[in-house]
Amino acid sequence: MKSLTAAQIDATLEHTRQIGVSNIDYDRCSQELIDHGYSIVTIPVHLQKDFWKTVELYPTIPKACKAEFSFPDLTDGFMPFGMEYANSTNNVDLCERYCYRDKYRSEHRQHAFADHQFYRHIVDFEGGISAIAERVLENILRKFAVSEPIETRPSSYLQFCSYNKEYRKADREYLQDRHEDGHLITFVKATRDGLVIFPNGERQRVTLADDEIIVFTGSLLTELSDGRIPYMDHAVLNPAVQVERSSLVYFVIPELKRKYTSLVERRQLDLERIANENHESFGNVPFTAAVAE
Ligand SMILES: [Fe+2]
């Protein structure tokens, strides 16, 4: 067999770096989630690019476009400000949010907003992060000797949060109060620090390099694992000065129309009911109640 030249090896490595998925140590990531409830992983360059493009392009979306592309009953599109709040305190999240659900992509094409560059980068980011999420979950299941996969992409959603300066309230400790998401896992990438997590109840600041994203667990995974996997509380600090902050968050939710058995004790689980209740407790419309599938 002919050996590769240095240039060919460089090109292969660069390609691997670009597509990225194979760069992630899924075994380490899944074990950290099981043991500690969070893990920091690297993301490929094209996803970093998509992230920064969404941040750059969000302010260019016309107001009328946002009003037209708004489907709060489906947790899709631009959501009304103040709709979502922390279920522990009822304090509203001080950010605008845009939700993208891949399952509605064909419906989105009927709207002009689907041609906006912001939307295109959101679609690309979701494609990459959903593939990473599937593999993380697959590795977690494997550690519990479960080989049957859990489908997540159609039920999951990507959320862009824009913590505009004007929403900041001086008397609040957090822009988003302490909570856990109530999903399986959540990925977060932000333009600046502010995110804090509470491993073992102790507050810890999250700082990420440009090529890193944090993933943490939600109580749906705790339920699924019979309490073996802890869920991670988190919050967004209120900065001392008025600064903008944007984040992209990917919520991983299992397909809700099938029945599940827990990973260890093999109990019957109604994840649809639990996921709907969790979602509603933040002010959202339940995932499956309002939608004729
Ligand atoms: Fe959250």
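You'll find the protein entered in an unreviewed UniProt entry as 2OG-Fe(II) oxygenase, with Pseudoduganella armeniaca given as the organism.

Give a description of the overall build of the protein that names residues and reports values.
In terms of helices and strands, the protein carries eight helices and 14 strands. If one aligns the C-alpha atoms of the protein with their principal axes, the spans along those axes are about 65 × 50 × 40 Å. Looking at the protein as a whole, 53% of its 293 residues qualify as buried. A sequence separation of at least 24 residues applies to 76% of the contacts in the protein between residues at least 6 apart.

Outline the coordination of the iron ion, listing residues and values.
Protein ligation of the iron ion involves His179 (NE2), Asp181 (OD) and His234 (NE2), the donor distances falling in the range 2.1 Å. Every donor residue of the iron ion comes from the same chain, spaced as H-x1-D-x52-H. With His179 in strand E6 (residues 174–179) and His234 in strand E11 (residues 234–237), the pair connects residues that are 55 residues apart, well separated along the chain. On the accessibility criterion, His179 (7% relative accessible area) is buried. For His234, a relative accessible area of 3% translates into the label buried.

Residues and numbers for the sheet that holds strand E8 (residues 195–197), please.
Strand order in the open sheet made by the four strands is E6-E11-E8-E9, with antiparallel pairing throughout. A single partner strand is all that each edge strand has here, and the edge strands are E6 and strand E9 (204–205). By the bridge criterion, three bridges tie E6 to E11 in an arrangement that is antiparallel. Bridged to His179 within E11 is His234.

Would you mind going over unusual backbone geometry in detail, with residue names and values included?
One non-glycine residue, Asn200, lies in the positive phi region at around 55°. You can see Asn200 is positioned in the loop between E8 and E9. Residues other than glycine seldom take positive phi values, yet Arg266 does so here, at roughly 55°. As for its placement among the helices and strands, Arg266 is situated in the loop between strand E13 (260–261) and strand E14 (268–269).

Please provide a residue-by-residue account of the pairing of E11, values included.
The two faces of the sheet receive side chains in turn, since in a regular strand these alternate between them. Here E11 shows two buried faces, one formed by His234 and Val236 and the other by Ala235 and Leu237. The pairing of E8 with E11 spans three bridges and is classified as antiparallel. Within E11, the residue paired with Ile197 across the bridge is His234.

Scoring rules and cut-offs
Residues numbered from 1 in each chain as written. Predicted model: local features only at pLDDT ≥ 70, side-chain atom pairs only at ≥ 80, totals over all residues. Heavy atoms only, no water. Helix = DSSP H or I, 4+ residues; strand = E, 2+ residues; numbered from the N terminus. Buried < 20%, exposed > 50% of the residue type's maximum accessible area, 1.4 Å probe, protein only. Contact = heavy atoms within 4.5 Å. Donors = N, O, S within 2.8 Å, 3.2 Å for Na, K, Ca; no water. Pairing = 2+ DSSP bridges.

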